[in-house]
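Given next are the chains, with one letter for each unit.
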Amino acid sequence: MRFLAKCVIAAVIGSSVGAVSNGAEAKEKVKIAWVGPLTGALSAYGLGGRNSAELAVRAMNASSAAKYEYELVALDDECKPNVGVQVVTKAAVDKSIIAAIPFYCSSTAMAAIDIFNRYKLPMVVWAAVLPDITYGNNYPEIHRVTGALIGQNKVGAKFMKDAGYKTFVAFADSTDFGKSTTKYFSLYTGEQGNQILATFSVPPDQQDLSAELTKVKELNPEVVFFGGLVPLGARLRTQMEKLEIKAQFEGNSAIMGDAYIKAVGPELSEGTIAFYDSPPLSQTAGGKFFTEKYEAAGFKEAPEAYGHFSYAATTLVLETIEKVGPTRAAVTTELRKTKDRPSIVGPITFDDHGQNVTLQTTKYIVQDGKWVVWEDSEYASGKRKLKKPQQ
């Protein structure tokens, strides 16, 4: 049974770690690009994603069965659309780069998405969740292992309805990501028969939110829903407290990870609800394997919320190259055929727009400075209570 378990794990991770053959003939080198924020306010997510992709490359290169030697070209998009266009173009025009694993930030993805089609560079998104990345065009080069905002907001709307909440305010950043978040949140909240009292949209770098939050306080919603990235979300939650807004704080997958809790602090982050397309790593065989290997690799930075997706996306690209060879056209064609492919994030199946449709949306809440699955929390058992506004 122990041997069988090891075989199952090997199948899940996609490539077993074997010894490098001594004296073997030199392998052809193949480059793949990884793109994400390695500097700036969101660098924690980018560094974790980059490290995870590097871990996948190391595993493949250590396998004596690998046909090629792989090199990861890591590019910093700073989570800025203009920079993203520059670095993606740099990768696309380099014919030695066969495929890419790009994007944490959806706004950067939307600015650069056409480049992959123009230069016929196949890619698999490792984090960005804006639906239009896959569904906005019918580009054969575009794929994504993570989910989209649609499922998160649909699950979230029903959960909040079942929890007894009726009135909401939506607060989002003014990027494409924030706009899309507000769109799907509003759609599914309305379908549940709940009321959105107002929506607010601010630039992601706006520091003072007092004008908007004063209006929020006057509306006295039961829930403040946030659609945006951690830096703005942390400012929003902190300034809500200063203005004594007692509404329940709800977000989506963009605030998942330790970075949000560290930015806000364990006291203010307590009770924050979010919806994310992955169960905890500790609850799956692939997740446990990834965590062990990541820790053993000695990376200084944590993998954060999307590290395992970066690993899965990179492994999928490497396995595809191993199967069909290092040509962009062949990799593009083969990626789109992906169905029930084992990975550490579960089976991967792409629909006709390259979107993984086999993801598992999970409900989370912050409890004692950690993200906890709702069903396992003291809030679900009734020992702790969610917030209700002052009447």
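Above this text sits the structure in question.
Residues numbered from 1 in each chain as written. Predicted model: local features only at pLDDT ≥ 70, side-chain atom pairs only at ≥ 80, totals over all residues. Heavy atoms only, no water.

S.K.: Would you take a moment to explain helix α6 (residues 149-162) for this structure?
M.R.: An α-helical turn contains 3.6 residues, so a residue and the one three or four places further along point in the same direction. For α6, which comprises 14 residues, the first-to-last C-alpha distance of 20 Å matches the rise-based estimate of 20 Å (1.5 Å per residue) to within 8%. Of all the residues in α6, the buried ones are L149, Q152, N153, G156, A157, F159 and M160. Down the axis of α6, the sector holding all buried residues measures 170°, keeping them to one side. Residues of α6 that are buried make contact with β6 (167-173), α7 (176-191), β8 (223-227), β9 (248-250), β10 (273-276) and β11 (362-367). G164 sits one or two residues past α6 and shows a positive phi near 95°. (Helix = DSSP H or I, 4+ residues; strand = E, 2+ residues; numbered from the N terminus. Expected span 1.5 Å × (residues − 1). Buried < 20%, exposed > 50% of the residue type's maximum accessible area, 1.4 Å probe, protein only. Arc of directions from axis to C-beta. Contact = heavy atoms within 4.5 Å.)

S.K.: Got a minute to help me understand the environment of K161 in this structure?
M.R.: By secondary structure assignment, the location of K161 is in helix α6. The exposure class of K161 is partly exposed, given its relative accessible area of 35%. Taking the C-alpha atoms as reference points, K161 and G193, 32 residues apart in sequence, are found 8.3 Å from one another.

S.K.: Before we go on, may I ask you to explain the packing of aromatic side chains in this structure?
M.R.: Aromatic ring pairs are defined here through the distance separating the ring centres and the angle between the ring planes. If you walk through the whole model with that rule in mind, you get 22 aromatic pairs. Ring geometry for Y68 and Y70: centres 6.3 Å apart, planes at 75°, overall edge-to-face. In this structure, Y68 and Y70 share a single accessibility class: buried. Both rings, one in F159 and one in W374, keep their centres 4.9 Å apart while their planes meet at 80°; by these two values the pair is edge-to-face. Note that F159 is positioned in helix α6 and W374 in the loop between β12 (370-373) and α15 (378-381), a separation of 215 residues in sequence. Residue classification places W374 among the buried residues on the basis of a relative accessible area of 14%. Connected via pairs of aromatic rings, a cluster forms that spans W34, Y45, Y104, W126, Y276, Y306, F309 and Y364. (Phe/Tyr/Trp six-rings, centres within 6.5 Å; stacked < 30°, edge-to-face > 60°.)

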